[in-house]
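# Descriptive structure summary
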Amino acid sequence: MTDHPTRRQPHRRRRARRRALAAASVALAMAASLGLAGCASGSGDDRVKLDFFQFKGEALEDFEQIIADFEAENPDIDVVQNQVADADTLIRTLLVKDRTPDVITLNANGNFGRLAQAGVFHDFTGDPVLDTINPAVQEILADLGTYGDEVNGLGYVNNANGIIYNRDIFEEQGLEVPETFDELIAVCDALADAGITPFYGTLADSWTVLPSWNALGAYPAQGDFFDEMRAEGEDVGPDSPVSFEKDFPTAMEQQAELYSYAQEGYRGRTYDDGNAAFANGEAAMLMQGIWAVNPILGIDPDVNLGIFPYPGTDDPDDRLLVSGVDVVVTMGKDGPHQEEAQRFIDYLFEPEVIEAFAASQNMVPSVEGAELSDSAAIQSVAPWFEEGRITGFIDHQVPPGIPLDATVQEALFTGDPQSALATLDREWAKVAARTIPVTGE
């Protein structure tokens, strides 16, 4: 698979050193997964030992290199990386047992937001590193949940959820990137008329309905939609001020229309099938995000691809790119080594450090002005980050007890989106009755 490094290519020069470090890190990862790594304390050689809780398996070697370079500059600190598979579960266990790691990385999803609301994380308000981070990235984190008005996490790298498209096919057919939904349908019609499959669908994996649902649903969810849903609680329904049934019909109809341009048999095709088919030129577009780029290039490194936002409105100026904070960095509320932990966090956000990490992970660094990789996919979404025209994944706002992907998938199978929306409202109301306090009490 072709790498897409930064122009400095630091991760290539250090690859041999990473391999040596990786063997030692395996033992640490195994210990962490068993919950054996407790809160860090001073080591026997008088260095402060920091417990670094890290959830991203594919980033293990990148962080080992970062740690080695940091320790060389900070000989009084020993950073121990504990890479874990089920981070959401283990971090809750450690917090309950009062064994909070010194430095924590998590995926910025609904679980992170709920933990932040519980007041277990440090407040970074006024921290100088905040001045370096794209405010739109921090807004995505804040929308997930905070403890009061605190800043409980720092966005590190972001993904991008848009439509992956084959640039060569578009050029050969004389097609421009669509800027409205009507233009997107016109592109689909032109491709179909030319005998080219517009989209490769992969509904055998139910979760694959969510990228397009998140992107198209982001438009009706702008503003205070989910705050109002939480305020309605168990009263959410067709007659409440906001509801899925009332606000999401257009998004669901748009999603169904896009799937009508998918290949025959798309219900039985998987995510991996879709990546392979797109890499082999069997479709012009794929309803996936930037996470699918490396698997595609692993099959054909010469695919000329890009990403554009779902144009869910009639106004090109209203377009938004859905993005998730793939890695958020934080630390415990009252850890014993906060000064040393802060030094490590500050190092993580140094431009050359975050640039190399983001390039290796095919992500967008959160630091404003940071150099991006030469990846065509990254370059195609860069303007949306620079202009702050990004918004978060709306499925992160949906309580985990609601069977979201199965419900949306069923709507595509049955052709009855209104029934699915009514189901989402009923499920929201049931979960709210158990877990969401009524406003004002």
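Residues numbered from 1 in each chain as written. Predicted model: local features only at pLDDT ≥ 70, side-chain atom pairs only at ≥ 80, totals over all residues. Heavy atoms only, no water.

If you look the protein chain up in an unreviewed UniProt entry, it shows as Extracellular solute-binding protein from Agromyces bracchium.

## Comments concerning a negative patch on the surface
Negative charge collects at one region of the surface, where Asp 182, Glu 183, Asp 189, Asp 193, Glu 257, Asp 314, Asp 315, Asp 317 and Asp 318 lie side by side. It is helix 8 (residues 181-193) that contributes the most residues to the negative patch, four residues altogether. Judged by its relative accessible area of 33%, Asp 315 falls in the partly exposed class. (Patch = residues over 30% accessible without salt bridge, like charges linked within 9 Å, V, L, I, M, F, W, Y side chains within 5 Å. Areas by Shrake-Rupley, 256 points an atom, 1.4 Å probe, with all protein chains shown as cover. Salt bridge = Lys/Arg side-chain N within 4 Å of Asp/Glu carboxyl O. Lys, Arg positive; Asp, Glu negative; His and termini not counted. Charge placed at Lys NZ, Arg CZ, Asp CG, Glu CD. Helix = DSSP H or I, 4+ residues; strand = E, 2+ residues; numbered from the N terminus. Buried < 20%, exposed > 50% of the residue type's maximum accessible area, 1.4 Å probe, protein only.)

## Concerning helix 13 (residues 271-279)
What helix 13 keeps buried is the set Tyr 271, Gly 274, Asn 275, Ala 277, Phe 278 and Ala 279. Looking at the buried residues of helix 13, the elements they touch are strand 5 (163-166), strand 6 (199-200), strand 7 (285-286), helix 14 (293-299) and strand 8 (305-308). Just beyond helix 13, the residue with positive phi is Gly 281, at close to 75 degrees. (Contact = heavy atoms within 4.5 Å.)

## Details of unusual backbone geometry
Within the chain, Asp 98 stands out as a residue other than glycine whose phi angle is a positive 60 degrees. Mapped onto the fold, Asp 98 is located in the loop between helix 4 (87-96) and strand 3 (103-106). When its relative accessible area of 67% is taken as the criterion, Asp 98 is described as exposed. A positive phi is found at Asn 362, a non-glycine position, where the angle reads about 55 degrees. You can see Asn 362 is positioned in the loop between helix 16 (351-361) and strand 11 (364-365).

## Digging into the pattern of salt bridges
Taken as a whole and judged by the stated rule, the model has ten salt bridges. We note a salt bridge from Lys 56 to Asp 326, for which the minimum N-O separation is 2.6 Å. Pair noted here: Lys 56 is in the loop between strand 1 (48-54) and helix 3 (60-73) and Asp 326 is in strand 10 (residues 325-330), with a separation of 270 residues, a long-range link. For Asp 326, a relative accessible area of 10% gives the class buried.

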